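Secondary and tertiary structure notes
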Amino acid sequence: MRTRRTIAVALCAVALTATAACGKSGSPGDAAADGASGAPQLPTYPVKTDVKLEGSKTFADAKAAGHLTIGAKSDQPFLGFQDLTNNTRSGFDIEIAKMIAADLGFSPDQITWQTLVSSQREPSIAKGQIDYYVGTYSISDERKKSISFAGPYYVAGQDLLVAKDNTTITGPESTKDKNVCTATGSTSIKNIEKYGPKITQFDGYSACVEKLLSGEVDAVTTDDAILKGFASKFKGKLKVVGQPFHPESYGVGLNKDDKVLRDAINDAIKAHQDNGDWKKAYDATLGLSGSAAPQVPALDRY
């Protein structure tokens, strides 16, 4: 129980840190007391008016409802995190979702966030329970059988998170017979299982990190962006091995047949890459983990 309470307190601190950096959702210049601490500030995203996407049922339904329903993660520091004390969301994925919403004509207070674990993503999108999903969602041909993707908006590499003093796990090849934890429904499972570890699965990565801190598993594997957030939060206790072994392109998941909306989301991503918002959002969120911004990926306009 002590470990569980420690993690809860630490993750709460993540939310407070992120909130300080982000300010009120979508608000200008509130980050870190208006820059008093020198912390990177989030950009603002002007909401477009009179947006028309002829042929997109998802967009038409959202306009009629007066809000977007966006799927996201809630337990990934600096990427997609929910502070339960004030019900605010923060992180790079959250900012990407808000950039897109603004270009579709929706303000932050017109967003309904829905937390989904990895295994719920395709079913929720296919059934129309969310309008789109932004949450370290790796683009794959298998997933494209039931949904489609806009993007990618970020390219990560799968890596391993281990205890700070661990010297035996130096890469995927050294995980044979080790207990490696990852999220149910993630692409990380297929990428690591060929190396012969024992695989433990949970709905979210925070549960894996809890088991790693308590010594019940030997490593956690997923994209390095996620792992760097946890390593930063548990500095001195955990480290990223630093040997990425499989690239992962993050996309925005949406309805398989809605090409109109997919093109609009791609246009929004490109616009905010070009005007610098993408880099500013990264620096004020995931960049706080100490990881420099990677190269902006080219969009896949299939």
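Our structure is the block above this text.
The text that follows walks through the structure, step by step, so that each part is easy to find.

**Some details on the overall build of the protein**
In terms of helices and strands, the protein carries 10 helices and 12 strands. By the burial criterion, 52% of the 302 residues in the protein qualify as buried. Looking at the protein alone, contacts between residues at least 24 apart form 70% of all its contacts between residues at least 6 apart. Of the roughly 13,100 Å² that the protein leaves accessible, carbon and sulfur atoms contribute 50%.

**Structural notes on the pairing of strand β10 (residues 219-223)**
With 5 of 5 residues buried, β10 is to be regarded as a mostly interior element. As paired elements, strand β7 (residues 147-163) and β10 share 4 bridges and run antiparallel to each other. Bridge pairing in β10 links leucine 160 to threonine 221.

**Quick look at the packing of aromatic side chains**
A full pass over the atoms with the stated rule returns 12 aromatic pairs. Plain terms: the ring middles of tyrosine 154 and tyrosine 282 are 6.3 Å apart, the flat faces sit at 15° to each other, and that makes the pair stacked. Residue tyrosine 154 is located in strand β7, and its partner tyrosine 282 is located in helix α10 (residues 277-284); the two are separated by 128 residues in the primary sequence. Aromatic rings pair up to connect Phe92, Tyr153, Tyr154, Tyr250, Trp278 and Tyr282 into one cluster. Positioned above the aromatic ring of phenylalanine 106, the side-chain terminus of lysine 63 is 5.4 Å from the ring centre.

**A look at helix α9 (residues 259-274)**
End to end, α9 covers 22 Å across 16 residues, agreeing with the expected 22 Å (1.5 Å per residue, within 8%). Regarding α9, the residues found buried are Leu261, Arg262, Ala264, Ile265, Asn266, Ala268, Ile269, His272 and Gln273. Of the surrounding secondary structure, the elements contacted by the buried residues of α9 are α3 (57-65), α4 (92-104), β6 (132-133), β7, β12 (246-255) and α10.

**Here's the deal with the pairing of strand β8 (residues 179-183)**
Within β8, 5 of the 5 residues are buried, which leaves it mostly tucked inside the rest of the structure. Burial along β8 is two-sided: the residues Asn179, Cys181 and Ala183 and Val180 and Thr182 are all buried. For the segment spanning β8, helix α6 (residues 188-193) and strand β9 (residues 198-202), crossover handedness is right-handed. Alignment of β8 against β10, held across 2 bridges, turns out to be parallel. In the strand pairing of β10, valine 180 is matched with alanine 219.

**Topic: unusual backbone geometry**
The omega torsion of the bond from glycine 151 to proline 152 falls at 10°, within 30 degrees of zero and hence cis. With respect to the element layout, proline 152 can be found in strand β7. The phi dihedral of aspartate 50 is positive, around 55°, even though this residue is not glycine. With respect to the helices, strands and loops of the structure, aspartate 50 is situated in the loop between α2 (32-35) and α3. With relative accessibility at 71%, the residue aspartate 50 sits in the exposed group. The phi torsion at asparagine 87 lies on the positive side, around 60°, for a residue other than glycine.

The rules behind each value
Residues numbered from 1 in each chain as written. Predicted model: local features only at pLDDT ≥ 70, side-chain atom pairs only at ≥ 80, totals over all residues. Heavy atoms only, no water. Helix = DSSP H or I, 4+ residues; strand = E, 2+ residues; numbered from the N terminus. Buried < 20%, exposed > 50% of the residue type's maximum accessible area, 1.4 Å probe, protein only. Contact = heavy atoms within 4.5 Å. Areas by Shrake-Rupley, 256 points an atom, 1.4 Å probe, with all protein chains shown as cover. Pairing = 2+ DSSP bridges. Phe/Tyr/Trp six-rings, centres within 6.5 Å; stacked < 30°, edge-to-face > 60°. Lys NZ or Arg CZ within 6 Å of the ring centre and 35° of its normal. Expected span 1.5 Å × (residues − 1). Right-handed = clockwise from strand over helix to strand, strands pointing away.

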